[in-house]
Amino acid sequence: MDVAEADGLPLFATSKKVYPQSVSGPFRRAKWTILILCLGIYYLLPFLRWDRGPNLPNQAVLADIAHNRFYFFFIEIWPQEVYYFTGLLILAAFSLFLMNAIAGRLWCGYLCPQTVWTDLFLAVERAFEGDRRERMKRDEAPWTAGTLLRKTGKHIVWLMIAWWTGGAWVLYFADAPTLVHQLATFTAPLSAYVWIAILTFTTYALAGVMREQVCKFMCPWPRIQAALTDDDALNVTYRYDRGEPRVSVKQAQRLRDQGAPAGDCIDCHQCVAVCPTGIDIRDGAQLDCIQCGLCIDACDNVMAKIGRPDRLIGYDTEDNVQRRLAGEKTVYRPIRARTLIYAALIVLVGGAMLYQLATRRTAEISVLHDRAPLFVKLSDGSIRNAYALRLLNKRPEARPFALTVAGIPGIRIEAIGAQATADLRPIVTVEADTSREVRVLVTVPPDAHLNASQSITFTASDLFAGEIVRAQDHFIAP
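In this text the structure is predicted, and so the values were computed from the model without any measurement.

Analysis parameters
- Residues numbered from 1 in each chain as written.
- Predicted model: local features only at pLDDT ≥ 70, side-chain atom pairs only at ≥ 80, totals over all residues.
- Heavy atoms only, no water.
- Helix = DSSP H or I, 4+ residues; strand = E, 2+ residues; numbered from the N terminus.
- Buried < 20%, exposed > 50% of the residue type's maximum accessible area, 1.4 Å probe, protein only.
- 1 Å grid on protein atoms, 1.4 Å probe; cavity = no way out; pocket = protein on both sides within 12 Å on 5 of 7 lines; lining within 4 Å.
- Points joined across faces, edges and corners; volume = space filled by probe spheres on them.
- Nonpolar A, V, L, I, M, F, W, Y, C, P; charged D, E, K, R; others polar.
- Polar contact = N/O pair within 3.5 Å; in protein donor to acceptor, adjacent residues only side chain to side chain.
- Pairing = 2+ DSSP bridges.
- Core = buried A, V, L, I, M, F, W, Y, C linked by side-chain atoms within 4.5 Å.
- Contact = heavy atoms within 4.5 Å.
- Phe/Tyr/Trp six-rings, centres within 6.5 Å; stacked < 30°, edge-to-face > 60°.
- Axes fitted to C-alpha atoms, helices over the stretch in contact; angles between N-to-C directions.
- Parallel < 35°, antiparallel > 145°, perpendicular 65-115°, else oblique.
- Left-handed = near helix turned anticlockwise from the far one by under 90°.
- Expected span 1.5 Å × (residues − 1).

Q: Help me understand unusual backbone geometry in this model?
A: The bulk of non-glycine residues show a negative phi, and the bulk of peptide bonds are trans. Here the bond from Glu244 into Pro245 is cis, since omega is -5°, no more than 30 degrees from zero. Put simply, Ala372 and Pro373 share a cis peptide bond, and its omega is -5°. Structurally, Pro373 is set in the loop between β6 (363-369) and β7 (376-377). The phi dihedral of Asn68 is positive, around 55°, even though this residue is not glycine. Along the chain, Asn68 turns up in the loop between β1 (61-64) and β2 (69-72). Using a relative accessible area of 47% as the deciding quantity, one classes Asn68 as partly exposed. We note that Arg211 has phi near 45°; this positive angle belongs to a residue other than glycine. As for its position among the elements, Arg211 is in the loop between α9 (190-210) and α10 (212-218).

Put into structure tokens, the structure is as follows:
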């Protein structure tokens, strides 16, 4: 039995509620700018239109599950091209690694959806209940009608934001204006209401109720980030070489006049008050720190009031703190092997995806040889093989394809049920946004010199657009 359990003590400390204080400064302004930009894109992007021509949706970003398409402006992704999403995930991973190698948890502090929505929910909370001290006093005091009214209003606004967050998400899966009208008139599909309810609950719970608990206990990235970081990565750092020993303003001045050491930190705890996770950055690197930079703003404001240099807390490295203590010059190495490798991988994967997009075709062909019989010998001595040929048309209009085959002198092709051109090429018409399978017969004259198996090439040519696709298979002979 655990000693604490035997002594009747709790095995875990109770989590204390965090009351982040508002702060002003460049990092706070940067976070507001990113918040407005990210939420503006998320909420408004479904309503942006993009003309793709007749018979195609005009929503700029749309996951058209019913027709197995994903549209992103001028890009159209088919189910067979799921590797693009794999590439995007790889790019996202390498981008996170690069951000971490340069300046720690930039993603967590500024771009993570949990951070963005939590900032918005905190702004609503301050609007209804006041700043840190007012909220703490109100929670400690007995409930009053005013407190009930303020908290009720706060939660109503939180639910409205959460509801619109869920509503905006489902708009990416259907025509946004149409779905908004259906939702307002209660004629939308049941699945839309279900997903809105799920996302409303999760947004309200994670950003409004759990807040910093998500970053501390639920998110795996802090643990991964800790394993990926190195000594040259910049992190939000308390520069204790400048801040220690901590004394009051008056005592610090008195010590300096006497030639004794005195730190710039006056132990005002403003860095703790503004922290959204409630940590003390002066305790050193911590997994709970999302490195949002708000403690830098708070400390800079205090330093300005007492007439001391700013950036007592700033983006720095532990090695540089030690160098300053030893009287050495600080070293910053944003460009090093690690960052160059991550950047190169991002360029490589991104370049491969761009090349694939630039050279992608709107038609595909595949061929499958019949298994039984592998070949047939005709009465005139000719050898015939049969194949199942499938053509895929990715365009929104029907397309006629002329079929040819090459690889053996005198070889010819015919398609069952298809007409032929004047030069005896079978014509197969494939309807818009679909595929068509035809049975084709390939015949080689009796005087041809054949191996038991040799490669042949099937070619399908779009008679209108001129696009050509090819596939290879084998011709089997006795």
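Q: Is there a simple way to think about the layout of surface pockets in this case?
A: Space inside the largest pocket adds up to approximately 1400 Å³. Tyr42, Trp107, Pro113, Trp169 and Tyr172 are the residues nearest the centre of the largest pocket, which is lined by 38 residues in total. Looking at the lining of the largest pocket, the element that brings in the most residues is helix α3 (residues 83-103), giving eight residues. Its residues placed into classes, the lining of the largest pocket shows 33 nonpolar, five polar and no charged. Of the voids in this model, the second largest pocket is the one considered here, and its volume is about 500 Å³. As for the second largest pocket, its lining consists of 25 residues, and the residues nearest its centre are Asn235, Gly284, Ala285, Gln286 and Gln291. Among the elements of the structure, α11 (221-228), β4 (235-238) and α16 (318-325) are those that each provide at least two residues to the lining of the second largest pocket. Element by element, the count of residues in the lining of the second largest pocket is highest for β4, at four residues. Residues belonging to the lining of the second largest pocket are distributed by class as follows: nine nonpolar, eight polar and eight charged.

Q: Any chance you could explain the environment of Thr178 here in plain terms?
A: With respect to the helices and strands, the residue Thr178 is situated in helix α8 (residues 176-184). Placed 254 residues apart in sequence, Thr178 and Ala432 show a C-alpha to C-alpha distance of 24 Å. Polar contacts involving the side chain of Thr178 include one to the side chain of Asp175, which spans 2.6 Å.

Q: Would you mind showing me how to read the pairing of strand β9 (residues 399-406) here?
A: Side-chain positions along a regular strand alternate between the two faces of the sheet. Of all eight residues in β9, six are buried; the element is thus mostly enclosed. Both β9 and strand β12 (residues 426-430) contribute to a ladder of four bridges, which runs antiparallel. Bridge pairing links Ala402 to Ile427 in β12. One ladder, built from six bridges, connects β9 with strand β14 (residues 453-462); its direction is antiparallel. Its bridge partner being in β14, Ala406 is matched across the sheet by Thr457.

Q: Sorry, what's going on with the nonpolar core here?
A: The nonpolar side chains of a soluble globular protein tend to be buried, and buried together. Among the nonpolar cores identified, the biggest contains 27 residues, and Leu389, Leu391, Leu403, Val440, Val442, Ile456 and Phe458 are the most heavily contacted of them. Beyond its immediate sequence surroundings of up to four residues, Val442 is in contact with Ile383, Arg384, Asn385, Tyr387, Val405, Ile411, Arg412, Ile413, Ile456, Phe458 and Phe475. Core analysis: the next-biggest nonpolar cluster, separate from the first, contains 20 residues, Trp117, Phe121, Ile161 and Ala162 among them.

Q: What is the right way to read the packing of aromatic side chains from this model?
A: Two aromatic rings, taken as a pair, are described by how far apart their centres are and by the angle between their planes. The final tally for this structure, using the stated rule, is 18 aromatic pairs. Centroid distance Phe94 to Phe97: 6.2 Å. Interplanar angle 70°. Geometry classified as edge-to-face. Of this pair, Phe94 and Phe97 both sit in helix α3, three residues apart, which is roughly one turn of that helix. Given a relative accessible area of 21%, Phe97 falls into the partly exposed group. Geometrically, the ring pair formed by Tyr387 and Phe458 is edge-to-face, given 5.0 Å between the ring centres and 70° between the ring planes. One end of the pair, Tyr387, is in strand β8 (residues 383-393); the other, Phe458, is in strand β14, and 71 residues separate them in sequence. Residue Tyr387 shares its accessibility class with Phe458, and that shared class is buried. Feature note: the residues Tyr42, Tyr43, Trp117, Trp169, Tyr172 and Phe173 constitute an aromatic cluster, connected by ring pairs.

Q: Would you take a moment to explain the packing of α3 against helix α17 (residues 337-359) for this structure?
A: Two packed helices can be described by the angle between their axes and the distance between those axes. Contact pair α3 / α17: the axes reach a minimum separation of 9 Å and the direction vectors enclose 160°. One finds that α3 runs roughly antiparallel with respect to α17. As α3 runs across α17, the sense of the crossing is left-handed. When α3 is examined against α17, the residues Tyr83, Tyr84, Gly87, Leu88, Ile90, Leu91, Phe94, Ser95, Phe97, Leu98, Ala101 and Ile102 are found in contact with a partner set consisting of Arg338, Thr339, Tyr342, Ala343, Leu345, Ile346, Val349, Gly350, Met353, Gln356 and Leu357. Residue composition of the contact of α3 with α17, by class: 17 nonpolar, five polar and one charged.

Q: Could you clarify how one ought to interpret the side chain of Asn235 in this entry?
A: In this fold, Asn235 is placed in strand β4. Since its relative accessible area comes to 18%, Asn235 is described here as buried. Side chain to side chain, Asn235 and Gln291 meet in a polar contact 2.8 Å long.

Q: Please explain the environment of Ile198 as it appears in this structure.
A: For Ile198, the location among the structural elements is in helix α9. The partly exposed category is assigned to Ile198, whose relative accessible area is 38%. In this structure the C-alpha to C-alpha distance between Ile198 and Trp163, which are 35 residues apart in sequence, comes to 9.4 Å.

Q: Would you explain helix α7 (residues 145-170) in this entry?
A: Three or four residues apart is the spacing at which side chains of an α-helix point the same way, because the helix has 3.6 residues per turn. Compared with an ideal rise of 1.5 Å per residue, which puts 26 residues at 38 Å, α7 spans 38 Å between its outermost C-alpha atoms and is within 8% of the ideal. For α7, the secondary structure elements touched by its buried residues are α2 (26-44), α5 (113-129), α6 (132-140), α8 and α9.

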